[in-house]
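Structure at a glance
Spelled out from the first residue to the last, the chains are:
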Amino acid sequence: MNLKSEIKEFLAGGFSLLSSAIMWIPINWIRDCWCKLWLASMGNHSNIRRHVEILSPHRVKIGNYTGVNKGVLLDGRGGELRIGDNVDIARDARIWTLQHDYNSVIYEAIGAPVTIGDYVWIGAGATILPGVTIGEGAVIATCAVVTKDVPPYTVYAGIPAKKIAERKVIPTYNCGKRRWFQ
């Protein structure tokens, strides 16, 4: 490893540490300012709660009225992560754009973008893997592991996630309401 890459790695670690510290601050407007500064884009009235970890924020785009709850991990390292409008991401969900190739003899990392449509509801503890597109209005159940694309207005659950129902209502609500200390 040369000096230039060591310095780059050191600065990235420092940025990550600073970002983690800011995401712990219990005042929304401070976290919002940080996210608007470093994310690729963050829409109006979106809310990122405390303890959210964002990897490669310059590749993460969040739409309007989207709520990202505590303990969520948003990964932009393997490609762009696009989250639509009025999306509700519950606690401890994981959205990955990078993973290891289990067929690689050198344990190579492979990445692919993830797209989450408008009015999607992602349950607590759900995991979304690289290359997945979740259609508008879909619901991902608690602790589901999504490995393939999810069609619009469907409900997916299980490991791996499978279709269990269809959403009968076309949503019109707004998520991402703010409170001062969360």
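Refer to the structure printed above.
By convention here, each chain's residues receive numbers from 1 onward along its written sequence. Side-chain atom pairs in this predicted model are given and counted only at pLDDT of 80 or more, local residue features only at pLDDT of at least 70, and totals for whole chains, interfaces and linings cover all residues. Hydrogens and waters are ignored; side-chain quantities use all the structure's heavy atoms.

**A word on the pairing of strand E19 (residues 162-166)**
As a reminder of what qualifies: Two strands make a pair as long as DSSP finds a minimum of two bridges between them. The numbering of helices and of strands both runs from the N terminus, where a helix is a DSSP run of H or I of at least 4 residues and a strand a run of E of at least 2.
Here strand E18 (residues 154-157) pairs with E19 via four bridges, running antiparallel. Pairing of Ala-157 across the sheet is with Lys-162, part of E19. The hairpin formed by E18 and E19 contains four residues between the paired strands, and Gly-158 there has a positive phi angle of roughly 100 degrees.

**Focus: the sheet that holds strand E4 (residues 60-62)**
Backbone hydrogen bonds are what pair the strands of a sheet, in a parallel or an antiparallel way. Strands sit in the order E1-E4-E7-E12-E15 across an open sheet of five strands; the sheet is parallel. The outermost strands of the open sheet, each flanked by one partner alone, are strand E1 (41-42) and strand E15 (133-134). In this sheet, strand E12 (residues 114-116) lies alongside strand E7 (residues 81-83) in parallel orientation, the contact comprising three bridges. By the bridge assignment, Arg-82 is partnered in E12 with Thr-115.

**Some words on the nonpolar core**
Counted only if it meets this: Only buried Ala, Val, Leu, Ile, Met, Phe, Trp, Tyr and Cys residues count toward a nonpolar core, and they belong to the same one when joined by side-chain atoms within 4.5 Å. Whether a residue is buried, partly exposed or exposed follows from its accessible area with a 1.4 Å probe, protein chains only, as a fraction of its type maximum: under 20%, in between, or over 50%, in that order.
By size, the foremost hydrophobic cluster in this structure holds 35 residues, and its most contacted members are Ile-48, Leu-74, Ile-116 and Ile-122. Broken down by secondary-structure element, the contributors of at least two residues to this core are helix H2 (28-38), E4, E7 and E12.

**A word on the sheet that holds strand E13 (residues 121-122)**
Strand order across the open sheet formed by seven strands is E2-E5-E8-E13-E16-E18-E19, with mixed pairing between neighbours. The open sheet has two edge strands, strand E2 (47-48) and E19, and neither has a second partner.

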